[in-house]
Amino acid sequence: MSDKALLQYQDKTFEFPVIQGSENELAIDIKTLRAQSGMITIDPGFKNTGSCESAITFLDGEKGILRYRGYSIEDLAEKATFLEVVYLLIFRELPKADALAAFQKDIVAESHVDEEMKKILDGFPKSAHPMGVLASLTSALISFNPNSVNASSDKEMYAAIVRIVAKFPVLVAWTMRKKKGLPLDYGDDSLGYVENIHKMMFKKPSQEYTKNKVIIDALNKLLILHADHEQNCSTSTVRIVGSSHAGLFASLSAGISALWGPLHGGANQAVLEMLEAIEADGGDTKKYMAKAKDKNDPFRLMGFGHRVYKNFDPRAKIIKKAADEVLNDLGIDDPILAIAKGLEKEALEDPYFVERKLYPNVDFYSGIIYRALGIPTEMFTVMFALGRLPGWIAQWKEMRENNEPIGRPRQVYIGENFRDFVPVENR
Ligand code: SDX
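Predicted model only: the values in this text are computed from it and were never measured.

Asks: Lay out helix H10 (residues 233-242) in plain terms, naming residues and giving numbers.
Replies: Among the residues making up H10, those that are buried are Ser234, Thr235, Thr237, Val238, Arg239 and Gly242. Those residues of H10 that are buried are in contact with helix H11 (248-260) and helix H18 (380-401).

Written out as structure tokens, the structure reads:
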């Protein structure tokens, strides 16, 4: 559709093409704005600004819709394996059985990490936050895989992708085991991708690993739910770092650091800490609701609100249901779940939250399941990163294949105008 948008400023009118996405989203293409008018736009937080055209994930924030490559998150969470979703996001189609088997075989062939990496891990104090450790280890992987630095051909890109899909779970498992003082072992390549992750994370040195279908299914679902989310903060970081041709592993390391923030992926840890504080406070949710609404109090209701969803986050609905199922199946009665549900009910009935369309997001209930699976609170955001890995890879690959220009926003300067230098003796 060759639609046009007009911008009028003083006695001039400027014309811009309007583009329409496959889900009928409209965007004004302002590529020629500065050339035509000498002006730029400004939009802190990019709330109204698209950075790219992407074919990977579709969100409708008003209707609470999330789809990966056209498949609904509800279908994928219920029917797919995480490795199928990894393949779907990165290579655009759900794999046929032989393609999936070949992909898994290539991953298994790369599922080792250079022993020297353990020395880097040894350099961290036990008190180090796992997200800082994971970002460093991911960056350190570059040194052991130099030809993955700037994969540009399809062959190099596939090799780099398989390497990081294979090795990232080892880094995640070793990061947790280091903190727990457990030996840094491998899992069992004959197991499925997610079961092997669980074995690497939880196998005790002196015990046989026993599979628990409830736990593996819960982990599979959680990883799928976190796998991609269009141009969120950490994905935009991966794209902009990758746009300088910094390479996949370096771009991922930057994405991990962006995800760490409590306003983004770090919220799942902050939610649990908030719920535990409420529990310690005798379950006084009203006090925390008041804090969340008090403009003079920096406290926010963690796990609530979203830049895009102004309706329920569809992932939160699925995770809330899964939390009930997992705790029930594992015979766990966690008072924190009751506090979370009480807080959600209160917020959904409170005018402050209703007016601002603040609903539970993906981080509100996820920590309750991670806790039930025996994952330490500080590892929650690492689990988010493990899920988001395929999304980051897919977005980085799309950006490179589309030969997108280096990301370099403009600004409006509001500082001092020209002034002469004054020698120190005269100041
Ligand atoms: C993720 O982008 C993604 O897709 C991210 C993610 C993904 O999959 O990648 O979905 C994962 O990061 C989920 C979000 C996790 N973060 C949190 O749960 C932290 C708490 N939430 C907020 O900090 C906030 O809601 C954000 C950061 C998520 C969104 O912030 P916005 O879009 O910039 O909204 P805003 O700060 O402009 O808030 C609008 C209003 C403000 O009040 P007023 O100035 O209008 O009076 O709503 C208020 C805010 O103060 N508000 C909250 C609130 N969130 C927004 N008030 C209390 N508690 C909150 N949680």
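Let us keep going from here.
Asks: Before we move on, can you summarise the sheet that holds strand S2 (residues 12-20) with the specific residues and values?
Replies: On the basis of which strands lie adjacent, the open sheet formed by three strands has the order S1-S2-S3 and antiparallel pairing. The strands lining the two open edges of the sheet, one partner per strand, are strand S1 (3-9) and strand S3 (26-28). Strand after strand, the sheet turns through a mean of 30° between neighbouring axes, direction not considered.

Asks: Would you mind going over a positive patch on the surface in detail, with residue names and values included?
Replies: A grouping of Lys47, Lys295, Arg300, Arg307, Lys310 and Lys357 is seen on the molecular surface, where their side chains present a positively charged patch. By the element assignment, arginine 300 lies in the loop between helix H13 (285-293) and helix H14 (314-329).

Asks: Outline a nonpolar patch on the surface, listing residues and values.
Replies: On the surface, Ile40, Ile42, Val412 and Ile414 cluster together into a nonpolar patch covering about 420 Å² of accessible area. Residue placement: isoleucine 40 occurs in the loop between helix H1 (33-37) and strand S4 (57-60).

Asks: Please set out the packing of aromatic side chains residue by residue, giving values where relevant.
Replies: Tallied over the full model, the rule gives 13 aromatic pairs. Their ring planes at 55° and their centres at 5.0 Å tell us that tyrosine 87 and phenylalanine 91 sit as a pair that is tilted. Note that tyrosine 87 and phenylalanine 91 are positioned in helix H3 (residues 82-91) at a spacing of four residues, about one turn of the helix. Measuring from ring centre to ring centre gives 5.5 Å for phenylalanine 312 and tyrosine 359, while their planes differ by 50°; the resulting arrangement is tilted. Of this pair, phenylalanine 312 sits in the loop between H13 and H14 while tyrosine 359 sits in the loop between helix H16 (351-355) and helix H17 (362-372); the two residues are 47 residues apart in sequence, bridging distant segments of the chain. Among the residues examined, tyrosine 359 registers a relative accessible area of 28% and is labelled partly exposed. Pairwise contacts between aromatic rings join Phe304, Tyr352, Phe353, Phe364 and Tyr365 into one cluster. The cationic tip of arginine 356 hangs over the ring face of tyrosine 352; the distance from NZ or CZ to the ring centre is 3.8 Å.

Quick notes on the rules
Residue indices follow the written sequence of each chain, beginning from 1 at its first position. With pLDDT at 70 or above as the cut-off, local features in this predicted model cover only qualifying residues; side-chain atom pairs require 80 or more to be listed or tallied, and sums for whole chains, interfaces and linings still use all residues. Derived side-chain values reflect all non-hydrogen atoms in the structure, with water molecules and hydrogen atoms excluded from consideration. Accessible area is worked out with a 1.4 Å probe on protein chains only. A residue is then buried under 20% of its type maximum, exposed over 50%, and partly exposed in between. Labels follow the DSSP assignment, with helices taken as runs of H or I lasting at least four residues and strands as runs of E lasting at least two, numbered in each case from the N terminus. Note on definitions: a residue-residue contact is assigned when non-hydrogen atoms from the two residues lie within 4.5 Å. Paired strands are those between which DSSP finds at least two bridges. What counts as an axis is a line fitted to C-alpha atoms, over the stretch in contact for a helix, and the angles between N-to-C directions run from 0 to 180 degrees. Only residues above 30% relative accessible area that lack a salt bridge enter a patch, with like-charged residues linked at up to 9 Å and the nonpolar side chains Val, Leu, Ile, Met, Phe, Trp and Tyr linked at up to 5 Å. Shrake-Rupley sampling with a 1.4 Å probe provides the accessible areas, and residues are treated as covered by the protein chains on show and by no other component. When a carboxyl oxygen of Asp or Glu lies within 4 Å of a side-chain nitrogen of Lys or Arg, that pair is called a salt bridge. For the charge count, each Lys or Arg is scored as positive and each Asp or Glu as negative, with His and the chain ends excluded. Where a charge lies is defined by one atom per residue type: Lys uses NZ, Arg uses CZ, Asp uses CG and Glu uses CD. Each Phe, Tyr or Trp ring (for Trp, its six-membered ring) is paired with any other whose centre lies within 6.5 Å, and the angle between the two planes then decides the class: stacked below 30 degrees, edge-to-face above 60, tilted in between. When the NZ atom of lysine or the CZ atom of arginine is within 6 Å of a ring's centre and also within 35 degrees of its normal, the charge is said to sit over that ring.

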